[in-house]
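# Structural features, examined
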Amino acid sequence: MNDKKKVVNLDMKQYGMFLALIAIYVIFAIMTGGKNLSPANINNLIMQNGYVVILAIGMLLCVLTGNVDLGVGSVVALTGAAAGIILVDYKMNMWVAILVAILIGLAVGMFAGFFIAYLGIPPFVVTLATMLMGRGLTYTLLKAQTKGPLPDDYIYIGAGFLPTVKVNFAGGTLDLVCIIVAVIASIALVLAEMKSIATKKKYNFATNPMWQVALKLAVMLVIIWFFFYKLARYNGLPFVLVIMVVLIALYAFITSKTVSGRQIYALGGNRKAANLSGIDTNKVFFWVYTNMGILSAVAGVVLTARNAASTPKAGDGFEMDAIASCYIGGAAVAGGAGTILGAVVGAFIMGILNNGMSLYGWSTDIQKIVKGAVLLGAVTVDVMSKRKKG
Amino acid sequence: MSDYILEMNHIIKEFSGVRALDDVNLKVKRGEIHALCGENGAGKSTLMNVLSGVYPFGTYSGDVVYKGETCKFHNLRDSEAKGIVIIHQELALSPLLSIAENVFIGNEQLSAKGVIDWTKTRQRAQEMLARVGLEHEDVNVPVNSLGVGKQQLIEIAKAMAKKVELLILDEPTAALNDEESKKLLDIMLELKKQGITCIIISHKLNEIEYVSDAVTIIRDGKTIETLVKGVDDYTEDRVIKGMVGREMTNRYPVREGVTIGDTIFEVKDWNVYHPDDENRQVLKDINISVKAGEVVGLAGLMGAGRTEFAMSVFGHSYGQKISGTVKINGQEVHMHNVRDAINSKLAYVSEDRKVYGLNLIGEIKENMTIAARPKFFSKHGVINSNDEIVAAEEYKKRINVKANSIEQVVGSLSGGNQQKVVLAKWMLTQPDVLILDEPTRGIDVGAKYEIYCVINDLAKAGKAVIVISSEMPEIIGTCDRTYVLNEGRIAGELSKDELTQEQIMQCIMAHNRKDDGNE
């Protein structure tokens, strides 16, 4: 038995994009004179980027297979339109609206998945078709008009907050619920790290130096407290944040810890080898695209709820934001590599750029140029660093 | 003028501080076939990349003197302009383009105005094909309609079109069977008569002995020695001694302490049709059986149907209209997909690990556990990562995968270590029957030995092992018994005592004659 303690340094590459996210945020904080640090703005960042994060999660699975889904923007619009029609024209319960929206997303996803997995049509072509068909259907259903306003209980999904317990604090109010969540999150984080170290020791795996672990924890705790403190100073926890956190946790777990999740990586890395390892790659393809349909529907519900209306133009170009998030987050264009957290960080980098540039007073035209450059730059750095290693 | 066409003197090449080449010297005489030998990672390919300008002048130290002048190549084009052409192991053909177009790709036959002259292209392509013995091929068909052996010859034709004087072949026969290899080597001898100098890199020492006039041996980035045919001892064993730095008296480890048990794998009346053509029968009435602890070979020429047989048995991964029965441990099993096969305790280590065996961008651990995961490393679909790490560490140690950690990306490993990862992947599924398809293709002598040791261990553990190999000495060295396949049928069965290269070939020839008689 080898009892020698193995210690290795933290792999900084893993945190590169995360550090870039913090850097961009700090730069804009300086440029805007701290405007983007305000509680209202932090809240906006969450609410404005909720649907992009949801789409990026689903898109990552598509990107892992080495493909993309171009249809998500249209599916967002289509499912949102269906929900709007049920709520406004038929005056039905919001749960019916949500259910129908999800079912439509599921149906579109299965439709695309069927063509891709079982008929072998390239995903680019199939999803280009769903993109066109979905948009056309949306315009037809809405007769090219906006459907609204939507009822309050539905709007809560996209614009509401969890119950709050406010106390007076430093010339304003402070929501205790946020603070409690922050405390729980901090304790959970520390416990998780301790458990991970204990497991590593038990199996005699390499551990990281203590000071590095402490520093990592300290940085994460500062971010958690900054974030929740700001939310506590505003209206408390947005409901969208709950949806996001649940989805991020669920999909991070699926992609890293489940057999089905790892099969997507195996498929993206080498489809033939995956087949010969007992993986039904057709099935994987089918479910990845079906899943994308469902998540597009969730995003559709969140978006219409936030806008309090269904519009035929909704979700235009969202597929590109989601794809860009994955690539900025370090996913390989050829497939087989990438993480959910990376995609989420990618989505927030885009969100912070948008937000910061708006606050600074740059027009959306300039914003597009900058976002394009950031996407290109991030992928270039990623590719170059891999090339050096190989 | 010296009689050396090429002199590489004191070549030193470093990669971020690591010396890949450390004072290497290579002298090649005009008009000879010069072999370059060494284990994987010894520096052969690096040396050839220096020569061909892939590593430009200035990134290495030392002189490259070609035809009496010092070369300062900055890229492949520079070296090709001088008549140095390198053909890599991985073919550089564009599969859907025609033979003619491939022969002149990057070297287009142009009319006066810079437009491609197709008539000239076809005519000249035909001439080039004739020089490599392919005069009967239609130059208008896409390259992928030819077999690998012929594609390799197309590569040579492509080199001829560039007015090659020094042709470098990197493992040209790695993907070829004995017959195709022989043909390629004979073409090389033919080129030699036409005055072309060749450098050949190969792991197949019998070929080197057959074709080359001199051999330079490289070990750990250093030149060890150069042997000349007719002057020095020029046998395989002598070359191996130079490569590994010690005598390797036995290239196949002795299998001891194996008790051969009952028949645990049995295939009866196996018939398979081609996946794209339901009227073309690929395998006909195959019957084989393997006992516990037995290593059985499947010999035959390329296209005999060995891989097709293995894959069709392995969860119907090849072919259609499959009929016949498979028994494992006395039980008849029905395997309709790979999952079924794994659950039936059958494992198939595919040929061509890069295409069919590995996720090259994945970690060692991930590659090792992917097939065994649903059964052994997960509960209700959730992975037990700790068990996976323990298992991967254990196998890394057990079969000696040389890597920094089990988190290393598989694509960065040498061929031999990649092959060990594929083996580990299938051993982890805890099979009773293993089919190893070309288990040592393209890997060096030392790693081969280690793989043979693994095969012995498997036999000792009472597994039934089937080895498919195009290298007859390997079949002879490792197998207790061998089936010879020819054109989709069993041409014969040879016991260990009868097993010689001649016997295998005779078996095939006799079967061919019988076939002709029937028709």
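Structure: above.
Note that this is a predicted model, so its numbers are computed, not measured.

Rules behind the numbers
Residues numbered from 1 in each chain as written. Chains lettered and ligands numbered in written order. Predicted model: local features only at pLDDT ≥ 70, side-chain atom pairs only at ≥ 80, totals over all residues. Helix = DSSP H or I, 4+ residues; strand = E, 2+ residues; numbered from the N terminus. Buried ≥ 20, exposed ≤ 12 C-beta atoms within 10 Å, placed from the backbone. Pairing = 2+ DSSP bridges. Axes fitted to C-alpha atoms, helices over the stretch in contact; angles between N-to-C directions. Contact = placed C-beta atoms within 7 Å. Parallel < 35°, antiparallel > 145°, perpendicular 65-115°, else oblique. Left-handed = near helix turned anticlockwise from the far one by under 90°. Nonpolar A, V, L, I, M, F, W, Y, C, P; charged D, E, K, R; others polar. Core = buried A, V, L, I, M, F, W, Y, C linked by C-beta atoms within 7 Å. Expected span 1.5 Å × (residues − 1). Arc of directions from axis to C-beta.

## A look at the overall build of chain B
- Each helix and strand counted, chain B has 18 helices and 22 strands in total.
- With respect to the principal axes defined by its C-alpha atoms, chain B has extents near 75 × 55 × 50 Å.
- Here chain B, with 519 residues, has 48% of them falling under the buried criterion.

## A short note on the sheet that holds strand β13 (residues 295-299) of chain B
All names here are of chain B.
- Read across the sheet, six strands follow the order β16-β19-β20-β13-β21-β22 without closing on themselves; strand pairing throughout is mixed. In this open sheet, the two strands that pair with only one neighbour each are β16 (346-349) and β22 (489-495). Taken over all neighbouring pairs, the strand axes of this sheet differ in orientation by 20° on average, direction set aside.
- This element, helix α16 (residues 445-460), spans β13, β19 (433-437) and β20 (464-468) of the sheet and lies at about 150° to β20.

## Topic: the packing of helix α3 (residues 72-88) of chain A against helix α5 (residues 123-142) of chain A
Residue and element names in this part refer to chain A.
- Packing of α3 against α5 leaves a shortest axis separation of 8 Å and a crossing angle of 25°. Considering the angle they form, α3 stands roughly parallel to α5. The way α3 lies across α5 gives a crossing that is left-handed. On the side of α3, the interface is formed by G73, S74, V75, A77, L78, A81, A82 and I85, while α5 contributes T130, M131, G134, R135, L137, T138, L141 and L142.
- A breakdown of the residues in the contact of α3 with α5 according to their chemical character gives ten nonpolar, five polar and one charged.

## Comments concerning the nonpolar core
- Ranked by internal contacts, the top residues of the largest apolar core, which has 187 residues, are L55, A56, M59, L60 and V302 of chain A.
- Filtering out sequence-adjacent residues up to four positions away, L55 of chain A remains in contact with V72, L295, S296, A299, F318 and A322 of chain A.
- Counting residues in hydrophobic clusters, the runner-up holds 73 residues, among them L21, A35, V143 and V215 of chain B.

## Brief notes about helix α9 (residues 306-313) of chain B
Residue and element names in this part refer to chain B.
- Taking burial as the measure, the eight residues of α9 include eight buried ones, the bulk of the element.
- Within α9, the full set of buried residues consists of R306, T307, E308, F309, A310, M311, S312 and V313.
- In the segment just after α9, G315 is the residue with positive phi, at about 65°.

## A closer look at the interface of chain A and chain B
- Between chain A and chain B, the contact holds 22 residues from the first and 27 residues from the second.
- Within the residue set of the side of chain A that touches chain B, elements represented by two or more residues are α10 (259-269) and α11 (271-276) of chain A.
- Considering every element that reaches the side of chain A that touches chain B, the biggest residue donor is α10 of chain A, with six residues.
- Residues of the side of chain A that touches chain B, tallied by class, amount to eight nonpolar, ten polar and four charged.

## Here we look at the sheet that holds strand β8 (residues 197-201) of chain B
Residue and element names in this part refer to chain B.
- With mixed pairing, the six strands of this open sheet are ordered in space as β6-β7-β8-β3-β9-β10. The open sheet terminates on both sides in strands that have one partner only, identified here as β6 (84-87) and β10 (222-228). Each strand of the sheet is rotated relative to its neighbour by a mean of 15°, with strand direction disregarded.
- Sheet analysis places β6 next to strand β7 (residues 166-170), joined by four bridges and oriented parallel. Considered in β7, the bridge of I84 is made with L166.
- Against the sheet, helix α8 (residues 236-244) touches β3 (33-37), β9 (214-219) and β10, its axis set at about 25° to β9.

## Examining unusual backbone geometry
- Of note, the amide linkage connecting G148 of chain A to P149 of chain A takes the cis form, showing an omega dihedral of -10°.
- Here P149 of chain A shows up in the loop between α5 and α6 (152-159).
- The backbone phi angle of D23 of chain B is positive, close to 60°, even though this residue is not glycine.
- In this structure, D23 of chain B sits in strand β2 (residues 18-29).
- For D23 of chain B, a count of 14 C-beta atoms within 10 Å gives the class partly exposed.
- Phi at E487 of chain B is positive, roughly 45°, even though this residue is not glycine.
- The residue E487 of chain B is located in the loop between β21 (481-486) and β22 in this model.
- Classification of E487 of chain B as partly exposed rests on a count of 17 C-beta atoms within 10 Å.

## Observations regarding the packing of α3 of chain A against helix α12 (residues 281-307) of chain A
Residues and elements named next belong to chain A.
- For the pair α3 and α12, interaxial distance at closest approach is 7 Å and the crossing angle is 55°. Taken together, the axes of α3 and α12 lie oblique to each other. When the axes of α3 and α12 are compared, the crossing they make is right-handed. Residue-level inspection shows V72, V75, V76, T79, G80, A83 and G84 of α3 in contact with α12, the latter providing M292, G293, S296, A297, A299, G300, V301, L303 and T304.
- For the contact of α3 with α12, a count of residues per class yields nine nonpolar, seven polar and no charged.

## Observations regarding helix α1 (residues 16-31) of chain A
Residue and element names in this part refer to chain A.
- Taking 1.5 Å per residue as the helical rise, α1 with its 16 residues ought to reach 22 Å, and the 22 Å between its terminal C-alpha atoms agrees with that figure.
- Residues of α1 that are buried: M17, L21 and F28. The buried residues of α1 occupy an angular sector of 55° when the element is viewed end-on, so they sit on one face. Residues L19, A23, V26 and I30 are exposed on α1 and point more than 90 degrees away from its buried face.
- Packing partners of the buried residues in α1 comprise α14 (340-360).
- Phi for G33, located one or two positions after α1, is positive at around 65°.

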